[in-house]
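So you can see what is in the structure, the chains are spelled out below.
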Amino acid sequence: MSAAELPAMSQTLGTTDEIAAILRGRLNDGLHRIAFFIVPSSMAFLALGDVIAAVLYQTGKFNHSDANFVWVILAGSTVGLLASTLGRLYSSTYYALRDTRTPLRFAIVRVTLTTVLGYLCAIQLPPAIGIDLKWGVAGLTASAGVAGWVEFTLLRRTLNRRIGHTGLPGVLVVKLWLSAGAGAAVAWILKLLISPLHPVPLAIIVLGAYGITYFAVTSALGLPEARVAIARVLGRRRLKQ
């Protein structure tokens, strides 16, 4: 979405205020659409990472404990998944304004923080709290997420000074996480009821229920992104028929 928005943003014409208004509108719309898909992805990694890892990798010597290990890594990645994806759209907006230096500076901050925090969380922290060093890999993904939030905050704050207020409304964020939480609850109940089961049918049932619940709740809450996504799916089915 960030890549697709860049050409349209770059072609914006008008006065400084007109350009700012158009960019602000496109940016906010893009943030809504990205968050609609990233929030449930984050919740799925956090709550159902074992199911996801199992259906992709659990064959041969890759067993259930290995899938749980991957789950921990996925859970760590949820810390900054939303910030990292939203930050890419902010960077595209800077590029549309012919400003490549600002996002570059903040990217350097993110890389530096990721390196420092990654070393501390992956190498120093596990022995300090008495856990096996191998679990430090989750510290890498989590620390990268923290750095991603720092970069996102810097991008958003600086850009808001140039084009006006942008960002996700708090009400929308709450609705998205509540919908994802409802989906995770339904999926967990199903997982407990049908386990043990082969990873493939388990994933189809559990992740399918998760997705259906998420779209149903967001649609019931009146989120336009849910209705657009559902309409597109139904439209494609009609075309195939």
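All values derive from a computational prediction rather than experimental measurement. (Residues numbered from 1 in each chain as written. Predicted model: local features only at pLDDT ≥ 70, side-chain atom pairs only at ≥ 80, totals over all residues. Heavy atoms only, no water.)

Enquirer: How would you explain the overall build of the protein chain if you had to name every residue and give the values?
Expert: If you tally the helices and strands in the protein chain, you get 9 helices and 0 strands. Along the longest, intermediate and shortest principal axes, the C-alpha atoms of the protein chain span 60 × 55 × 30 Å. By the burial criterion, 37% of the 241 residues in the protein chain qualify as buried. Considering only contacts in the protein chain between residues 6 or more positions apart, those separated by 24 or more positions represent 75%. When the accessible surface of the protein chain is summed, it comes to about 13000 Å², and 67% of that surface belongs to carbon and sulfur atoms. Taking the average location of the 22 positive side-chain charges in the protein chain and that of its 10 negative ones, the two points are 3 Å from each other. (Helix = DSSP H or I, 4+ residues; strand = E, 2+ residues; numbered from the N terminus. Buried < 20%, exposed > 50% of the residue type's maximum accessible area, 1.4 Å probe, protein only. Contact = heavy atoms within 4.5 Å. Areas by Shrake-Rupley, 256 points an atom, 1.4 Å probe, with all protein chains shown as cover. Lys, Arg positive; Asp, Glu negative; His and termini not counted. Charge placed at Lys NZ, Arg CZ, Asp CG, Glu CD.)

Enquirer: Can you break down helix α2 (residues 16-57) residue by residue, with the values?
Expert: Its 42 residues give α2 an end-to-end C-alpha distance of only 52 Å, which falls more than 12% under 62 Å, the value for a rise of 1.5 Å per residue. Of all bends in α2, the biggest is about 90°, found at L48. (Expected span 1.5 Å × (residues − 1). Bend = angle between axes of the 7 residues up to and from the residue.)

Enquirer: Can you break down the side chain of E225 residue by residue, with the values?
Expert: Along the chain, E225 falls in helix α9 (residues 224-240). Buried charge without a partner: E225 forms no salt bridge, and the closest opposite charge is R33, 6.7 Å away. In contact with E225, other than residues within four places in its own chain, are H32, R33 and F36. (Salt bridge = Lys/Arg side-chain N within 4 Å of Asp/Glu carboxyl O.)

Enquirer: A description of the nonpolar core should follow, citing residues and the corresponding values.
Expert: In this structure, L27, Y90, L176 and Y210 are the most contacted members of the largest nonpolar core, which totals 41 residues. Of all the secondary-structure elements, those providing two or more residues to this core are α2, α4 (81-96), α6 (136-163), α7 (170-194) and α8 (199-220). By residue number, the principal contributor to this core is α2, which donates 15 residues. Setting aside residues no more than four positions away along its own chain, Y210 makes contact with P40, M43, A44, L48, A180, G183, A184 and A187. One finds A54, A67, V70 and L74 within the second-largest nonpolar core, a separate group that totals 5 residues. (Core = buried A, V, L, I, M, F, W, Y, C linked by side-chain atoms within 4.5 Å.)

Enquirer: Before we move on, could you go through helix α5 (residues 101-129) and cite the residues and values that matter?
Expert: Compared with an ideal rise of 1.5 Å per residue, which puts 29 residues at 42 Å, α5 spans 40 Å between its outermost C-alpha atoms and is within 8% of the ideal. Of all the bends in α5, the greatest, near 30°, is centred on C121. Those residues of α5 that sit buried are T102, P103, F106, A107, G118, A122 and P126. The inward-facing, buried residues of α5 contact α4 and α6. Where α5 terminates, the next one or two residues include G130, which has phi positive at roughly 80°.

Enquirer: I'd like a description of the environment of C121, backed by residues and values.
Expert: Mapping C121 onto the fold places it in helix α5. The exposure class of C121 is partly exposed, given its relative accessible area of 23%. Between the alpha carbons of C121 and F69 there is a distance of 17 Å; along the sequence they are 52 residues apart.

Enquirer: Describe the packing of aromatic side chains, listing the residues and the values that go with them.
Expert: The full count for this structure, using the stated rule, is 8 aromatic pairs. Look at F36 and F37: their rings are 5.1 Å apart centre to centre, the planes differ by 90°, and that puts the pair in the edge-to-face class. Taking 5.7 Å as the distance between ring centres and 65° as the angle between the ring planes, the aromatic pair formed by F36 and F215 counts as edge-to-face. Pair noted here: F36 is in helix α2 and F215 is in helix α8, with a separation of 179 residues, a long-range link. When its relative accessible area of 27% is taken as the criterion, F215 is described as partly exposed. An aromatic cluster of at least three residues, connected via ring pairs, comprises F36, F37, Y214 and F215. Directly above the aromatic system of F106 lies the positively charged group of R105, at a separation of 6.0 Å from the ring centroid. For the cation-ring pair, K191 lies above W188, with the distance from its terminal atom to the ring centre recorded as 3.6 Å. (Phe/Tyr/Trp six-rings, centres within 6.5 Å; stacked < 30°, edge-to-face > 60°. Lys NZ or Arg CZ within 6 Å of the ring centre and 35° of its normal.)

Enquirer: Give a description of unusual backbone geometry that names residues and reports values.
Expert: Positive phi, normally seen in glycine, also occurs at R98, with a value near 65°. Looking at where R98 falls in the secondary structure, it is placed in the loop between α4 and α5. On the accessibility criterion, R98 (62% relative accessible area) is exposed.

Enquirer: Which residues make up the pattern of salt bridges, and what are the values?
Expert: According to the stated counting rule, one finds 7 salt bridges in the structure shown. Two residues, E5 and R33, come together in a salt bridge whose shortest N-O distance is 2.9 Å. Highlighted residues: E5 in helix α1 (residues 2-10) and R33 in helix α2, separated in sequence by 28 residues. What makes R33 partly exposed here is its relative accessible area of 26%. For the salt bridge of D29 with R33, the shortest nitrogen-to-oxygen distance reads 3.2 Å. In this pair, D29 and R33 are both assigned in helix α2, 4 residues apart and thus about one turn of the helix distant. Given the relative accessible area of 40%, D29 is considered partly exposed. One network of salt bridges, with partners in common, ties together E5, R26, D29 and R33.

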